[in-house]
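Coordinate inspection notes
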Amino acid sequence: MDHSLSSPLSKLPPPLSLSETSSILYSRYSLRPLSNFPNLNFKPRTSIRKPLLLRHIQPVRAQNPDQTINDGFVLEDVPHLTTFLPDLPSYPNPLQRSQAYAIVKETFVRPEDVVAEKIVVQKNSPRGVHFRRAGPRERVYFKSEEVRACIVTCGGLCPGINTVIREIVCGLNYMYGVDNILGIEGGYRGFYSKNTMQLTPKVVNDIHKRGGTFLQTSRGGHDTSKIVDNIHDRGINQVYIIGGDGTQKGAAAIYKEVAKRGLQVAVAGIPKTIDNDIAVIDKSFGFDTAVEEAQRAINAAHVEVESVENGVGIVKLMGRYSGFIAMFATLASRDVDCCLIPESPFYLEGQGGLFEFIGQRLKENGHMVIVLAEGAGQEFVSQSMHPVDEKDASGNRLLLDVGLWLTQKIKDHFTNDRTMAINLKYIDPTYMIRAIPSNASDNIYCTLLAQSAVHGAMAGYTGFTVGPVNSRHAYIPISRVTETQNVVKVTDRMWARLLASTNQPSFLRNEEMEKA
Ligand SMILES: Nc1ncnc2c1ncn2[C@@H]1O[C@H](COP(=O)(O)OP(=O)(O)OP(=O)(O)O)[C@@H](O)[C@H]1O
Ligand SMILES: O=P(O)(O)OC[C@H]1O[C@](O)(CO)[C@@H](O)[C@@H]1O
Ligand SMILES: [Mg+2]
């Protein structure tokens, strides 16, 4: 193993402006394979907005006219500490001496390894956006004994948070010999208003068996300046931030302030949300566990309603703006007759409406189960409840209980209708689902996320979020995961698969079809 490598960053060209970068990507690199460009790894050094780049890049034909060249390659890179601290020394990665990696053929991720954002492409399509592949690097930018790391968890709960905490601590300690790790208690505000706790592999050994967060969490309380003051005062140089879209925005603000002050602090975001609404990544940890746990509630509803005459079960699942849990829980179960999500408007009365469908299903089967995402039909609920616009401490709008509203509406309808007496059961398992520990596959996923974050921070990357993109873990610029929220696309085939499985109406009226 060559330990004498000079810092690869010393080979860097000066930072490129946006237009320079796009033209270089196009003119210099488009006609040759990526492997010919070892330096591509370090370019562009600033986080560059992808849509602009893509607009600048035109497809180019290769000499062989049968083969359209892989042009239009875009690397959406994450910042590196040397971006604002150019003289930072680097060291050989201690993983070279690690027992765990002793027989691994390629311990380190190659600098030119990238992960494609899109894997379904056509012969002539541009190569498109790529992210830097996550994993250990040959050089690190921290001496193990000088690392002072901290971990914070923010936002709502989600199965698997404790596994991520545990694996960051164990990863730092077992792989890199770091033993100075602080737990920040109670979310962002914990940086400046609470005590910290020392985290060791022993302290966190069993925490993955528990739901919730060992470090506690909170909403609101993000004061960038106070947080960075505190990071500086405590001598913290690696910050691991576990949380959803709001948390990642907070992480971006911390990274910017750290860079502005020129501090050697790596900021790594680990995306967390039970709603699975974080953009770019394949899915968020805890989501599989939630879908699995939701089966128990659906099953209970099914048992209840099939044991009575004209039983109607309603199960409310989480999902503020996206109905992923409801959609996947429905697809996983065979007992759901109708799934309602925020992305697909529905209506109650008249032809093709929910009441008509309930009547039909009860006549056919004698019972039915409806799965309802908490964000579905909010416009109806607010019409009937005249709500005040309430927000939580982070500024998220507080939703009204669509489950209670729908239960009442269905009851009223069938009472007035008098053609059919129904027996309705409403189950709200939302917090029970969120509070459980993660299942086996999420535990594995959490381990990979944590280790990838540790490798990234040790390698000097900062201002990044880690996550799987087409099954490969990548370092993603934070802004990419916060600029949009993932929602179920009702125009995609997955929603059609659900409709084909439940055989429920789509509730789409002509004008909505045209709009879609
Ligand atoms: N735009 C922002 N800038 C800085 N900090 C933010 C921003 N939005 C939210 N935060 C902070 O991030 C933390 C968590 O945000 P929020 O309560 O919205 O949860 P989240 O991370 O989105 O997770 P989830 O929605 O999955 O529960 C809060 O402490 C909040 O103050
Ligand atoms: O913990 P709280 O503030 O009740 O949050 C509930 C919300 O959090 C989420 O679980 C997202 O974390 C949403 O699905 C839900 O609406
Ligand atoms: Mg959120």
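First, a word on scope: everything that follows refers to the structure included in this document. What you are looking at is a predicted structure, and each value in this text was computed from that prediction instead of being measured.

Lining the immediate surroundings of ligand 1 are 20 residues, of which Gly156, Gly220, Asp245, Thr247 and Ser394 lie closest. For ligand 1, an oxygen atom lies 3.5 Å from a polar atom in the side chain of threonine 273. Between ligand 1 and serine 394, the relevant distance is 2.6 Å, taken from an oxygen atom to a side-chain nitrogen or oxygen of the residue. By residue number, the principal contributor to the shell around ligand 1 is helix 8 (residues 245–261), which donates five residues. Of the residues in the shell around ligand 1, the class split is two nonpolar, 13 polar and five charged.

Under the definition given, this model contains zero disulfides. Cysteine cysteine 170 remains unbridged, with the sulfur of cysteine 446 as its closest cysteine sulfur at 13 Å. Assessed through its relative accessible area of 3%, cysteine 170 is described here as buried.

Taken together, Gly156, Arg219, Ile274, Asp275, Met318, Gly319, Arg320, Glu374, Tyr431 and Arg434 form the complete shell of residues around ligand 2. Separating an oxygen atom of ligand 2 from a side-chain N or O atom of arginine 320 is a distance of 3.3 Å. Within the contact set of ligand 2, an oxygen atom lies 2.8 Å away from a side-chain nitrogen or oxygen of arginine 434. With the chains in place, 81% of the 390 Å² that ligand 2 exposes on its own is no longer accessible. For the shell around ligand 2, the class distribution of residues is three nonpolar, two polar and five charged.

The subject of this paragraph is the pattern of salt bridges. Here the structure, examined in full by the defined rule, presents 19 salt bridges. Here arginine 133 makes a salt bridge to aspartate 113, at a shortest N to O gap of 2.9 Å. Remark: aspartate 113 occurs in the loop between strand 2 (91–92) and strand 3 (114–116) and arginine 133 occurs in strand 4 (residues 128–133); sequence separation between them is 20 residues. Residue classification places aspartate 113 among the buried residues on the basis of a relative accessible area of 17%. Note that arginine 320 is salt-bridged to aspartate 392, the shortest N-O span being 3.7 Å. On the criterion of sequence distance, the pair formed by arginine 320 in the loop between strand 11 (311–317) and helix 10 (324–332) and aspartate 392 in the loop between helix 12 (378–385) and helix 13 (402–417) is long-range, its members being 72 residues apart. Connected through salt bridges with shared partners, the residues Glu76, Glu117, Arg480 and Glu483 form a single ionic network.

Taken as a whole and assessed by the stated rule, the structure comprises seven aromatic pairs. Each ring, one from phenylalanine 346 and one from phenylalanine 380, has its centre 5.5 Å from the other, and the planes form 70°; the classification is edge-to-face. With a gap of 34 residues between them, phenylalanine 346 in the loop between strand 12 (338–340) and helix 11 (354–365) and phenylalanine 380 in helix 12 connect regions that are remote in the sequence. Exposure remark for phenylalanine 346: the relative accessible area of 3% places this residue in the buried category. Arranged with centres 4.7 Å apart and planes meeting at 55°, the rings of phenylalanine 464 and tyrosine 475 form a pair that is tilted. With phenylalanine 464 in strand 15 (residues 464–469) and tyrosine 475 in strand 16 (residues 472–477), this pair connects stretches of sequence that are eleven residues apart. Under the relative-accessibility criterion, phenylalanine 464 is labelled buried at 0%. In this structure tyrosine 475 comes out as buried when scored by relative accessible area, which is 0%.

Turning to the packing of helix 9 (residues 287–306) against helix 10, a few remarks are in order. Running from N to C, helix 9 and helix 10 point in directions that differ by 60°, and their axes come no closer than 9 Å. Relative to helix 10, the element helix 9 is oriented oblique. Helix-helix and strand crossings are classified by hand; for helix 9 and helix 10 the assignment is right-handed. For the pair formed by helix 9 and helix 10, the contact residues are Phe287, Ala290, Val291, Ala294, Gln295 and Ile298 on the first element and Phe324, Ile325, Phe328, Ala329 and Ala332 on the second. Split into classes, the residues belonging to the contact of helix 9 with helix 10 amount to ten nonpolar, one polar and no charged.

Rules of the game
Residues numbered from 1 in each chain as written. Chains lettered and ligands numbered in written order. Predicted model: local features only at pLDDT ≥ 70, side-chain atom pairs only at ≥ 80, totals over all residues. Heavy atoms only, no water. Near = heavy atom within 4 Å. Polar contact = N/O pair within 3.5 Å; in protein donor to acceptor, adjacent residues only side chain to side chain. Helix = DSSP H or I, 4+ residues; strand = E, 2+ residues; numbered from the N terminus. Nonpolar A, V, L, I, M, F, W, Y, C, P; charged D, E, K, R; others polar. Disulfide = S-S within 2.5 Å. Buried < 20%, exposed > 50% of the residue type's maximum accessible area, 1.4 Å probe, protein only. Areas by Shrake-Rupley, 256 points an atom, 1.4 Å probe, with all protein chains shown as cover. Salt bridge = Lys/Arg side-chain N within 4 Å of Asp/Glu carboxyl O. Phe/Tyr/Trp six-rings, centres within 6.5 Å; stacked < 30°, edge-to-face > 60°. Axes fitted to C-alpha atoms, helices over the stretch in contact; angles between N-to-C directions. Parallel < 35°, antiparallel > 145°, perpendicular 65-115°, else oblique. Left-handed = near helix turned anticlockwise from the far one by under 90°. Contact = heavy atoms within 4.5 Å.

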